[in-house]
Amino acid sequence: MAKTKELSKDTRNKIVDLHQVGKTESAIGKQLGLKKSTVGAIIRKWKTYKTTDNLPRSGAPRKISPRGVKMITRTVSKNPRTTRGDLVNDLQRAGTKVTKPTISNTLRRQGLKSCSARRVPLLKPVHVQARLKFAREHLDDPDEDWENVIWSDETKIELFGKNSTRRVWRTKNAELHPKNTIPTVKHGGGNIMLWGCFSAKGPGQLIRVKERMNGAMYREILSENLLPSARALKMKRGWVFQHDNDPKHTARATKEWLRKKHFKVLEWPSQSPDLNPIENLWRELKVRVAQRQPQNITALEEICMEEWAKIPATVCENL
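Cut-offs used in this document
- Residues numbered from 1 in each chain as written.
- Predicted model: local features only at pLDDT ≥ 70, side-chain atom pairs only at ≥ 80, totals over all residues.
- Heavy atoms only, no water.
- Helix = DSSP H or I, 4+ residues; strand = E, 2+ residues; numbered from the N terminus.
- Patch = residues over 30% accessible without salt bridge, like charges linked within 9 Å, V, L, I, M, F, W, Y side chains within 5 Å.
- Areas by Shrake-Rupley, 256 points an atom, 1.4 Å probe, with all protein chains shown as cover.
- Salt bridge = Lys/Arg side-chain N within 4 Å of Asp/Glu carboxyl O.
- Lys, Arg positive; Asp, Glu negative; His and termini not counted.
- Charge placed at Lys NZ, Arg CZ, Asp CG, Glu CD.
- Buried < 20%, exposed > 50% of the residue type's maximum accessible area, 1.4 Å probe, protein only.
- Pairing = 2+ DSSP bridges.
- Polar contact = N/O pair within 3.5 Å; in protein donor to acceptor, adjacent residues only side chain to side chain.
- Contact = heavy atoms within 4.5 Å.
- Axes fitted to C-alpha atoms, helices over the stretch in contact; angles between N-to-C directions.
- Parallel < 35°, antiparallel > 145°, perpendicular 65-115°, else oblique.
- Nonpolar A, V, L, I, M, F, W, Y, C, P; charged D, E, K, R; others polar.

A. Structural detail: unusual backbone geometry. Phi at asparagine 173 takes a positive value of approximately 65°, unusual for a residue other than glycine. With respect to the secondary-structure elements, asparagine 173 resides in the loop between strand S4 (167-170) and strand S5 (181-184). Positive phi outside glycine occurs at glutamine 271, with the angle close to 55°. Residue position: glutamine 271 is located in the loop between strand S9 (264-265) and helix H12 (278-292).

B. Looking closely at a negative patch on the surface. Residues Asp143, Glu144, Asp145, Glu147 and Glu317 make up a contiguous surface patch of negative charge. The dominant element in the negative patch, judged by the number of residues it contributes, is helix H8 (residues 143-147), at 4 residues. In this fold, glutamate 147 is placed in helix H8. Note on glutamate 147: relative accessible area 36%, which makes it partly exposed.

C. Spotlight on the pairing of strand S6 (residues 192-199). Counting buried residues in S6 gives 7 out of 8 residues, a clear majority hidden from the surface. Pairing of strand S3 (residues 149-157) with S6 involves 7 bridges; the strand directions are antiparallel. Paired with tryptophan 151 across the bridge in S6 is phenylalanine 198. The pairing of S6 with strand S7 (residues 202-209) spans 6 bridges and is antiparallel. Its bridge partner lying in S7, tryptophan 195 is registered against isoleucine 207. The hairpin turn running from S6 into S7, its antiparallel successor, is 2 residues long.

D. View of the side chain of asparagine 225. With respect to the element layout, asparagine 225 can be found in helix H9 (residues 215-232). Engagement of the side chain of asparagine 225 in a polar contact is seen with the backbone oxygen of isoleucine 221, the distance being 2.8 Å. Each residue touching asparagine 225, except ones within four places of it in the same chain, is listed here: Trp195, Gln205 and Ile207.

E. Expanded view of the packing of helix H4 (residues 66-78) against helix H6 (residues 100-109). Their axes nearest at 10 Å, the elements H4 and H6 cross at an angle of 80°. Relative to H6, H4 is oriented roughly perpendicular. Residues Val69, Ile72, Thr73 and Val76 of H4 touch H6, and the partners they reach there are Ile103, Thr106 and Leu107. Of the residues that constitute the contact of H4 with H6, the class distribution is 5 nonpolar, 2 polar and no charged.

Function cannot be inferred from these measures alone, as they are strictly geometric.
See the structure below:
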């Protein structure tokens, strides 16, 4: 049997008001389009409890005792990667038999929910200090400064790639706490490598890197793609180029080449790909490519180029 729609607070109060001015239950029901029994129930509640608000419902007793709740909350706080199965077994040993959904519901009431662990760079103390220094130096930079930056990076895209995830129990806004993340290192597997750049005005050039990239190849890529991107994006005078601290980027020959070309380079902290908004753009590209389901490397490259060109300037501006 379907549930009936609950009456609004205004309707319930109107029933009481009409009752107080002497109207019968039948008359009130006709005027408001309600059953006489519904009107009667509201009036009886008001007479008994002097309110038309919903009263607390008793419901079924909790399966897990307060002591058990404390135990499992303490367990996942110490080790967020504890599984629901582990917690079911812990409670069973303590004499309480529950299901996995009960564990989820209980922890959710404690402000904890199961989430995919974020993948973040593996940071040493020196990296942490460099990132903090960078953040403090640029904390008050106006939006116009960031709009005049060309962001660049390389990425690998797999033909049939699957991203493995691991779930952790955490509170809201705690996704980047070290206990809730999975450290990653560079140079994972992939089928094609791409170099690309973008600014707040839209995507720049995107090319496939077919050979193992070295310093000379990197400088050639910049020579053929960076300035054309800046022109196409109509960058303002004094625009800034960003790339990370990959050895090819920081090689003496590359630094000298950039100096001779009079390119201003944004000083960048090591192990900080998550600070580069192009990482979000790579994610956008990979989602778009996956939806097209390329079946071979040639199609993968073509679809990457097509989807990159379709990314709206508004997406880049938001990043």
